[in-house]
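Reading the structure
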Amino acid sequence: MNILIVDDDSGDVYFLRELLTDTEAEAARLVHVETLATALQKVQEEQFDVILLDFFLPGSQGVESLCRLREHAPNVPIVFLTGLKDDDLGQKMLEGGAQGYLVKGQIEGTELLCTLYDIIAQHRARRSC
């Protein structure tokens, strides 16, 4: 699984790496970038199975980030990462085109891995119909 993490908080990225390392995701390849602009470049250069997108990024946030990334990677599922458990915000992100959202600090490695596999499988199934 090829995962792009778009997050400017190195502590959060370290946490995600540790979560996935502690699971059976040895085959997972994590690519980390800190800005939306860099993410837009990366998706033009490489294929990703899923993108983990932080809600707050320097110069861009929320649905704006999602829409811009969706334009450049229309066939890649995007999962929002947020530090706040806010169901209204999560619903807005899903309505904006995200395939899921996760609350940082409230997920475990196996849960993260299973969620990502499920989101990728659902996204592929929708595209094949």
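For the structure, check the block above.
Procedures and definitions
Residues numbered from 1 in each chain as written. Predicted model: local features only at pLDDT ≥ 70, side-chain atom pairs only at ≥ 80, totals over all residues. Heavy atoms only, no water. Salt bridge = Lys/Arg side-chain N within 4 Å of Asp/Glu carboxyl O. Helix = DSSP H or I, 4+ residues; strand = E, 2+ residues; numbered from the N terminus. Buried < 20%, exposed > 50% of the residue type's maximum accessible area, 1.4 Å probe, protein only. Core = buried A, V, L, I, M, F, W, Y, C linked by side-chain atoms within 4.5 Å. Contact = heavy atoms within 4.5 Å. Arc of directions from axis to C-beta.

Another point: the pattern of salt bridges. For the coordinates displayed, the defined rule picks out seven salt bridges. In this structure, aspartate 7 and lysine 104 form a salt bridge, with 2.9 Å as the shortest nitrogen-oxygen distance. In this pair, aspartate 7 sits in the loop between strand S1 (2–6) and helix H1 (10–21) while lysine 104 sits in the loop between strand S7 (100–103) and helix H5 (109–128), placing the two residues 97 residues apart along the sequence. A single burial state applies to aspartate 7 and to lysine 104, both of which are buried. Across the pair lysine 42 and glutamate 45 runs a salt bridge whose closest N-O atoms are separated by 3.9 Å. Pair noted here: lysine 42 and glutamate 45 are both in helix H2 (residues 36–45), with a separation of three residues, about one helical turn. Using a relative accessible area of 22% as the deciding quantity, one classes lysine 42 as partly exposed.

Our next topic: the nonpolar core. Among the nonpolar cores identified, the biggest contains 22 residues, and Leu4, Val6, Val43, Ile51, Leu53, Leu69 and Phe80 are the most heavily contacted of them. The element best represented in this core is H2, accounting for four residues. Other than its neighbours up to four places away in sequence, leucine 53 contacts Val6, Ser65, Leu66, Leu69, Ile78, Val79, Phe80 and Leu81. With 19 residues, the next largest nonpolar core counts Met1, Leu16, Leu30 and Leu81 among its residues.

An α-helix turns once every 3.6 residues. As a result, residues three or four positions apart point the same way. Listing the buried residues of H2 in full gives Leu36, Ala39, Leu40 and Val43. Mapping the buried residues of H2 onto a view down its axis gives an arc of 100°, with all of them on the same face. Among the exposed residues of H2, those pointing more than 90 degrees away from its buried face are Gln44 and Glu45. Next to the buried residues of H2 lie S1, strand S2 (29–33), strand S3 (50–54), strand S4 (56–57), strand S5 (60–61) and helix H3 (62–72).

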